[in-house]
Amino acid sequence: MTGPESRLEPPIPLPDVVSAPFWNWTASGVLALARCADCRQWDHPPQERCRFCGGPIVFEPVSGRGTIFSFIVNRRQFVPGHPPPRVIALVELEEQAGLRLTGLVGAEPERVTIGSAVVASLAPVGASGYMAPVFDLA
Amino acid sequence: MGGSAEVLPGFLNGMTVAIAGIGRTSFSRSSGRTTKAMAVEACRDALADAGLDAASVDGMTTFQVNDSAHPMEVAWGLGVTELAWANSQYAGGNAVAEQIAMAAAMIEAGHCRATLVYRSLNGRSGHRFGTVEGPMQVEGDMQFDAPSGFLVPPQWFAMWARRHQSVYGTTSEDLGAIAITQRNHAGPNDHAVRREPLTMDDYLAGRFVAEPLRVFDCTSEVDGAVAILLVGEPLVADIRSTPVWLVGSAGSQGCSGWSAWDDPTQMYARTAGPRIWNRTGLRPTDMQIACMYDCFTYTVMATMEGYGFCEPGQVGAFFAEGRATYGGDVVVNPHGGLLSEGYIHGLNHHYEAALQLRGQAGVRQVAGADLALVSAGGGPYGGANVYSRTKP
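What you see is a predicted model; the values in this text were computed from it and never measured.

## Observations concerning the pairing of strand β4 (residues 114-122) of chain B
Residue and element names in this part refer to chain B.
Phase 1: Within β4, nine of the nine residues are buried, which leaves the element mostly enclosed by the surrounding structure.
Phase 2: Here β4 shows no split at all, with A114, L116, Y118, S120 and N122 on one side and T115, V117, R119 and L121 on the other all buried.
Phase 3: In the sheet, strand β2 (residues 59-64) pairs with β4 via four bridges, with the strands oriented parallel. Looking at β4, one finds that M60 is bridged to L116.
Phase 4: In this sheet, strand β8 (residues 223-232) lies alongside β4 in antiparallel orientation, the contact comprising nine bridges. Bridged to L121 within β8 is G224.

## Describing helix α3 (residues 96-108) of chain B
Residues and elements named next belong to chain B.
Phase 1: Given a rise of 1.5 Å per residue, 13 residues ought to cover 18 Å, and the 18 Å separating the end C-alpha atoms of α3 matches this to within 8%.
Phase 2: With 12 of 13 residues buried, α3 lies mostly within the body of the structure.
Phase 3: Among the residues of α3, V96, A97, E98, Q99, I100, A101, M102, A103, A104, M106, I107 and E108 are the ones counted as buried.
Phase 4: Of the residues flanking the end of α3, it is G110, one or two places downstream, whose phi is positive at about 90°.

## Looking at the environment of A101 of chain B
Phase 1: Mapped onto the fold, A101 of chain B is located in helix α3.
Phase 2: Expressed as a C-alpha distance, the spacing of A101 of chain B and G251 of chain B, which sit 150 residues apart in the sequence, is 9.7 Å.

Quick notes on the rules
Residues numbered from 1 in each chain as written. Chains lettered and ligands numbered in written order. Predicted model: local features only at pLDDT ≥ 70, side-chain atom pairs only at ≥ 80, totals over all residues. Buried ≥ 20, exposed ≤ 12 C-beta atoms within 10 Å, placed from the backbone. Helix = DSSP H or I, 4+ residues; strand = E, 2+ residues; numbered from the N terminus. Pairing = 2+ DSSP bridges. Expected span 1.5 Å × (residues − 1).

Okay, here's the thing in structure tokens:
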């Protein structure tokens, strides 16, 4: 069985021209998401233009507060750098219904439930230099 | 045919295309063969089954995730020198029903007389979906899931299944009832890779992979190929097999991805289900067989609801009470499904449906099988076909 080799680094993002602002913001210590300058809707993952109205996109800081929409517990290792157990949540941010981010949760699996309030902070992605949101129970 | 027909005009309602031949290789964990060689064998098997020669084929289509063989190369291996239509779609199991619908549409539109749909993969020994062989740098929308390592199908389906459990109170035992029923069906199927009996204790003792999904909730990856030969009505008189008619097809390819989908307690079938029943004028209760796409048990659960076999939250009881097996309401995956027969990306479901509707399924024959629903795909995207033994 070809499994994820432990010597490999964890997966890292490959930014593009549309997503680069997200990673630039996280590198500076701020979680910011794409928002339409015209209709003011948030959207993630970002598009070049607003998917609701076609308007121009700006990145604006978000609170990082939200609730756990769903979560899983990795009980085997699927990718390098993520030994089990590991809780991964789909978090719905308070800024807008349906605005969701995935992220690791820094809590024992037994303490995590759907609906739990969480708050984001930023953590390094391995040794890559990228910073990404992770969540703690609020 | 039951139901109040609200049959839409046009596409696929002429009901003039039939499955004329079905073919496959053995399924194994290490074929030691090329995907092209297996595709050629499965296609040759389908042609022999129909009693047609390779020169009859003028269209070929497949779907793949960079792990198959191109139709022109497979055709050459079959002895075909030219095709009117050669198509290869970059897609997963969500495309299976529409692959067959497309191949049928090419016949109905007059572009082809006979089309082969095949899928060939070394799904266990070769390109295993989600396997990591080098440093991963993730592009596109999934780049945002790279930091948490949320990148492979068992995780996506587990995330959705957890939501269903929270909303409807469904349990591990509900998912287990699906896995156990299908394993029982695989017992007498000598083509299946997992035939040993499975008890609820076995299921619950199975290790978690991505909680709430256990190893027994996951498909059995295999190497192998399946081919389905479609012909138009003018050629049906020339085949030596019993034709199985394509009654209708419907798909719904959701565009949200896995994280933005509004309600993970439902899959694409919430749209494709009503669509196929409206299109065919049939109902779930008209089906004797349902080959439900089962990359994971939860896919069966959510799509049984979406296609209207069960109310939300009732699928576990439906299986546990024997309503999804012989003597029940509808036999779900009489071959054992992808969970137990093996993962030929769902094309083996269409093979099984044709075999059953011809009455050639041997010890696992479903009595009185006249209509079958075959679904394809999971999560946001998929579709289904209805096949009939009787010409509609």
